[in-house]
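Listed here are the chains, written in short residue letters.
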Amino acid sequence: MKRKVILLRDASSSTDAMPAPFAEPDLGAAGAADAPAGLFDTPLLDPRGRALRDLRISVTDRCNFRCSYCMPKEVFDDQHHFLPHASLLSFEEITRTAAVFVRLGVRKLRLTGGEPLLRRQIEQLIAQLSALRTPEGAPVDIALTTNGSILARKAQALRAGGLRRVTVSLDALDDAIFQRMNDVGFPVAEVLAGIDAALAAGLAPVKLNMVVKRGTNDHEIVPMARYMRDRYGDRVRLRFIEFMDVGATNGWRMDEVVPSSEVRARIQAHWPLQPLQDGPAGETAERWRYADGRGEVGFISSVTHAFCGDCNRMRLSTEGRLFTCLFGSQGHDLRDLIRGGASDEALAHRIRQIWGARQDRYSELRGTQQAPTAAAPRVEMHYIGG
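This section reports on the structure supplied with the text. In this text, all values refer to a predicted model and were calculated from it rather than measured experimentally. (Residues numbered from 1 in each chain as written. Predicted model: local features only at pLDDT ≥ 70, side-chain atom pairs only at ≥ 80, totals over all residues. Heavy atoms only, no water.)

Brief notes about the overall build of the protein
The condition is simple: Secondary structure elements follow DSSP: runs of H or I of four or more residues count as helices, runs of E of two or more count as strands, with numbering from the N terminus. In what follows, residue pairs with any heavy atoms lying within 4.5 Å of each other are defined as contacts. Residue-level accessible areas treat just the shown protein chains as cover; the underlying method is Shrake-Rupley with a 1.4 Å probe.
Regarding its fold elements, the protein presents eleven helices and 14 strands. A sequence separation of at least 24 residues applies to 77% of the contacts in the protein between residues at least 6 apart. Accessible area of the protein: about 15600 Å², with a carbon and sulfur share of 51%.

What about unusual backbone geometry?
With an omega of 20°, the peptide bond between Gly113 and Gly114 qualifies as cis. Position of Gly114 among the secondary structure elements: in the loop between strand E3 (108-112) and helix H2 (122-130). Not every positive phi belongs to a glycine, and Gln121 is a case in point at roughly 60°. When you line up the elements, Gln121 lands in the loop between E3 and H2.

Considering the packing of aromatic side chains
The line we're drawing: Planes of paired rings set the category: under 30 degrees apart is stacked, over 60 is edge-to-face and the rest tilted, where pairs are Phe, Tyr or Trp rings (Trp by its six-membered ring) whose centres lie within 6.5 Å. We call a charge positioned over a ring when the NZ of a Lys or the CZ of an Arg lies within 6 Å of the ring centre and within 35 degrees of the ring normal.
Overall, the coordinates contain five aromatic pairs when judged by the stated rule. Seen from their ring centres, Phe240 and Phe299 are 6.0 Å apart, and the 20° between their planes marks the pair as stacked. Residue Phe240 is found in strand E7 (residues 236-242), and its partner Phe299 is found in strand E10 (residues 296-300); the two are separated by 59 residues along the sequence. Counting every residue linked through ring pairs, the aromatic cluster contains Phe65, Phe178 and Phe186. Against the face of Phe40 rests Arg103, its NZ or CZ located 3.6 Å from the ring centre.

Concerning the packing of helix H3 (residues 151-161) against helix H5 (residues 188-201)
Just so we agree on the cut-off: Orientation is described by lines fitted to C-alpha atoms, with helices fitted over the stretch in contact, and by angles between N-to-C directions that extend from 0 to 180 degrees. Under this scheme an angle from 65 to 115 degrees is roughly perpendicular, one under 35 degrees roughly parallel, and one over 145 degrees roughly antiparallel; angles in between are oblique. Crossing handedness: left-handed means the near helix sits turned counterclockwise from the far one by under a right angle, and right-handed means the same turn made clockwise. Residue type decides the class: Asp, Glu, Lys and Arg count as charged, Ala, Val, Leu, Ile, Met, Phe, Trp, Tyr, Cys and Pro as nonpolar, and the leftover types, Gly among them, as polar.
Running from N to C, H3 and H5 cross one another at 20°; their axes reach a closest spacing of 8 Å. Judged by the angle between their axes, H3 and H5 are roughly parallel. Where H3 crosses over H5, the handedness of that crossing is right-handed. Contacts between H3 and H5 involve Leu151, Ala152, Ala155, Gln156 and Arg159 from the former and Ala193, Gly194, Ile195, Ala197, Ala198, Ala200 and Ala201 from the latter. Along the lines of polarity and charge, the residues of the contact of H3 with H5 split into nine nonpolar, two polar and one charged.

Brief notes about the state of the cysteines
As a reminder, the rule being used: We call a pair of cysteine sulfur atoms a disulfide whenever their separation is within 2.5 Å.
Within the structure shown, the criterion is met by zero disulfides. Residue Cys63 stays outside any disulfide, its sulfur separated by 6.4 Å from that of Cys67, the closest cysteine.

Focus on the pairing of E10
In summary, the side chains of a regular strand alternate between the two faces of the sheet. Rule in force here: Remark: exposure states derive from per-residue accessible area (1.4 Å probe, protein chains only) relative to the maximum for the residue type, with buried under 20%, exposed over 50%, and partly exposed in between. For two strands to count as paired, DSSP must find a minimum of two bridges between them.
For E10, a buried count of five out of five residues is recorded, marking the element as mostly surrounded by other parts of the structure. Alternating residues of E10 divide into Glu296, Gly298 and Ile300 and Val297 and Phe299, and every residue in both groups is buried. Note: strand E9 (residues 285-290) against E10, five bridges, orientation antiparallel. In the strand pairing of E10, Ala285 is matched with Ile300. Taking the residues that link successive antiparallel strands as the turn, the E9-E10 hairpin has five residues, and the phi of Gly293 there is positive, at about 85°.

Shown next as C-alpha cells:
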C-alpha cells in the first residue's frame, strides 16, 4: 500500500482562509443521452489514476449510540431532525444503483450508517445485493459495519441473507469507559454477545474496530489486544483507528490522537509482532501478525500515515448523494436521477463524471498550509459511514 507520512500541526486552530482542495466541483446532471463509447468496458480512473473499487452505502442516518467522536449527544439530542423515511433510498433503488457501480468496476459493497441494523429488514437488502454479479460472473464482496448492539439478534438472519463479513466497533473493554464513550449506557457484554453470535452464524473472521483517543481509552489498548487474542485468536481481527477529524461536531484535537506507531509499540512490549504483506490496493489497515500465531492486529492511520494515494472508495449517502471522500464537504445528487426515470447508462455516465473529476487528498494535506479550515464544513460520519 502506498502511504505518505505527514508532518502535522493542529489544523483546528488555523485561521488561514484557504480554499477547500477536497471540495467537489458542480458538474451538472447527466442527461439520458446515448451512452458514451466504452461506458462500462473502460477503466474508471480519477485524475490521480485511482480506480473505483469500493462503494460504501449508508442505509440510515440514525444511531442508538452517541459516541463523542461521531454523534455527540449535545448536538444530536432529542430535538435533532433525522431524515424522513421518504427521503431515504429504497432497497430497490440501492440495489439498482449498486448494480450500476458493479458494472463500472466496484467489487466491494459495505453497508454502513448511522447504525445499519436499525434499518428495518436490512437482511432483505443484503439478499438483493448478494444476487449481484460482476461482468465476469463472480459474486460481489458484501460487508456490514455495526456497533454490535443488535447483532446478537440479527446475525443468523444477516448470514441467511447472504452477508459474509461483519465489522464491529468496540472502543473499550472496561464497562464504565465504554458506557461513557457510547453515552447511552450500553454495556460491553452485549457487544461481545453480538461478536459471539456473528461467529456462530459463520460471519468469520470478524473485524473489530477500536477508535483510540488519548486520555479517554488509550489505556485500554493492551487489555483489548490481550482479550481478543486470548479468547478468539484469528477469528477476530482487531484494528486500532486513529481519532480522526471527521465532520464538524466531534471536537477533534491533534493532542488526542494516539499515533498508530505508539499503539503498535505498546502491543509489541507484550507480544512480538511481524508485519504482513500489504493487502489489495485501497486497503486501509496495515496488518501485523502475532509472532506466536495467536491472530493479527491492524492499524488504520489516516492522520499520521495518509493512504489517499490508492483510495478507491466512493460513498453513497442515505438519501442518495455521492461523496468521493470521507472528509468531503459536498455531495452529488443521484436520487433525482434515479427517481426521475434516468436510464442505467445515464446513471453510469454521471458516476463517471464525478469520479473522473475527483481530486481528493485531504489526509495528505491535513496539517499543511493547503489544508482546509473549519470554514469549510465537512459531512458528518453518521451520514455517510466511516
